[in-house]
Amino acid sequence: MLCTAAGIMLGVIVGLYALFELHYFLRMCLCVIIARYFKKKMHILDPTSVGGLCLTNDIDTLLYHMNNARYLREIDFARVDFYERTLLYRTIRSKGGSVVQGATTIRYRRFIRPFTRFTISSRVVYWDDQSIFMEHRFIGLSDGFIHCIALCRQRVIECSVEDVMATLLKPITTHTDSSTSCLDKLESGMGPAGGVLVSNGTSKLKPEMPMEVAKWLEWNDISSATLRSER
């Protein structure tokens, strides 16, 4: 009986791995739980950081550095951590909206070797009326070198980006409350009464558009025009 149950359980696990990338979903759930319940909340314009380690299932066929596609996968986990700790995703959902990945550009500067530890620093660098632009940096833990840098465009639909950011830009000074409580206080305009740790306790302003974002948007517009002309 026990052997039968164990066999069925093993078959279910193998089946799930065959149909889905199960460890991806499990790690994503773990990232959400840790960010939501065990990490301090952050202001929307403050950078967040998550740790990473290049393992054998991350390397490419040459066997001596991280597979290029794995960088984008690691950014998924870093972005979820940022969403939860800054309340960005919850704020978008509370306003009836949703968010999807609109575009990504990535630049590799130096490969990451197997069993090398790194951190991914994530921050919002700009937003417009439709999208939020984030920067992700892969930073070596031993030398602080930026191995890779990526720009991502988060397309917000069915709600106003300006409205979302206006809510999150309010200054709040403590990190003792839950995420739900923080969001309630932000939306009710309670400001410094509680929620997200902001070092100076003052409201932060929208950053100027970085030059690389401006050029990237120009490239996107050119690409879109080219594709439309091919129809």
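Residues numbered from 1 in each chain as written. Predicted model: local features only at pLDDT ≥ 70, side-chain atom pairs only at ≥ 80, totals over all residues. Heavy atoms only, no water.

Asks: Would you explain the nonpolar core in this entry?
Replies: Nonpolar side chains tend toward joint burial in soluble globular proteins. In this structure, Ile 44, Leu 88, Val 124, Trp 127 and Ile 132 are the most contacted members of the largest nonpolar core, which totals 19 residues. Every element with two or more residues in this core is listed here: α3 (68-86), α4 (88-94), β3 (117-127), β4 (131-140) and α5 (161-168). Top element by residues in this core is α5. It accounts for 4 residues. When neighbours within four sequence positions are excluded, Val 124 is seen to be in contact with Ile 44, Leu 45, Phe 82, Ile 132, Phe 133 and Met 134. The next biggest cluster of nonpolar side chains, apart from the first, holds 14 residues, and it includes Val 50, Tyr 71, Ile 112 and Phe 138. (Core = buried A, V, L, I, M, F, W, Y, C linked by side-chain atoms within 4.5 Å. Buried < 20%, exposed > 50% of the residue type's maximum accessible area, 1.4 Å probe, protein only. Helix = DSSP H or I, 4+ residues; strand = E, 2+ residues; numbered from the N terminus. Contact = heavy atoms within 4.5 Å.)

Asks: Help me understand the packing of aromatic side chains in this model?
Replies: Each aromatic ring pair is described using two quantities: the centre-to-centre distance and the angle formed by the ring planes. Taken as a whole, this structure holds 9 aromatic pairs when the rule is applied. Residues Tyr 24 and Phe 25 carry aromatic rings whose centres are separated by 5.7 Å and whose planes lie at 85° to one another, so their mutual orientation is edge-to-face. Taking relative accessible area as the criterion, Tyr 24 reaches 19% and is therefore assigned buried. Through pairs of rings, three or more aromatic residues link up here, namely Tyr 71, Tyr 108, Phe 118 and Phe 138. Residue placement shows Arg 110 over the ring face of Phe 145; its charged tip is 3.7 Å from the ring centre. (Phe/Tyr/Trp six-rings, centres within 6.5 Å; stacked < 30°, edge-to-face > 60°. Lys NZ or Arg CZ within 6 Å of the ring centre and 35° of its normal.)

Asks: Help me out: how do you make sense of helix α2 (residues 22-37) in this one?
Replies: Between its terminal C-alpha atoms α2 stretches 23 Å, which fits the 22 Å expected from 16 residues at 1.5 Å a residue. For α2, the full list of buried residues reads Leu 22, Tyr 24, Met 28, Cys 31 and Ala 35. (Expected span 1.5 Å × (residues − 1).)

Asks: Just checking my understanding: could you explain the pattern of salt bridges for this structure?
Replies: Opposite charge on two side chains permits pairing when their charged atoms draw close. On inspection of all chains with the given rule, the structure shows 12 salt bridges. Salt-bridge contacts for Arg 36 lead to Glu 84; the nearest nitrogen and oxygen are separated by 2.9 Å. You can see Arg 36 sitting in helix α2 and its partner Glu 84 sitting in helix α3, a full 48 residues away along the chain. Overall, the relative accessible area of 6% leaves Glu 84 in the buried class. (Salt bridge = Lys/Arg side-chain N within 4 Å of Asp/Glu carboxyl O.)

Asks: What should I look at first to understand the environment of Cys 148 in this one?
Replies: Along the chain, Cys 148 falls in strand β5 (residues 146-157). When its relative accessible area of 0% is taken as the criterion, Cys 148 is described as buried. The contact partners of Cys 148, leaving out residues within four places of it in the chain, are Tyr 71, Ile 106, Arg 107, Tyr 108, Arg 109, His 136, Arg 137 and Phe 138.

Asks: Looking at this model, I keep getting lost on unusual backbone geometry. Mind explaining?
Replies: Working note: non-glycine residues mostly have negative phi, and peptide bonds are mostly trans. Located in the positive-phi region is Leu 87, a residue other than glycine, with phi close to 70°. In this structure, Leu 87 sits in the loop between α3 and α4. Phi is positive for Phe 115, which is not a glycine, with a value near 65°. Residue placement: Phe 115 occurs in the loop between β2 (98-108) and β3.

Everything listed is a geometric property; what it means functionally is a separate question.
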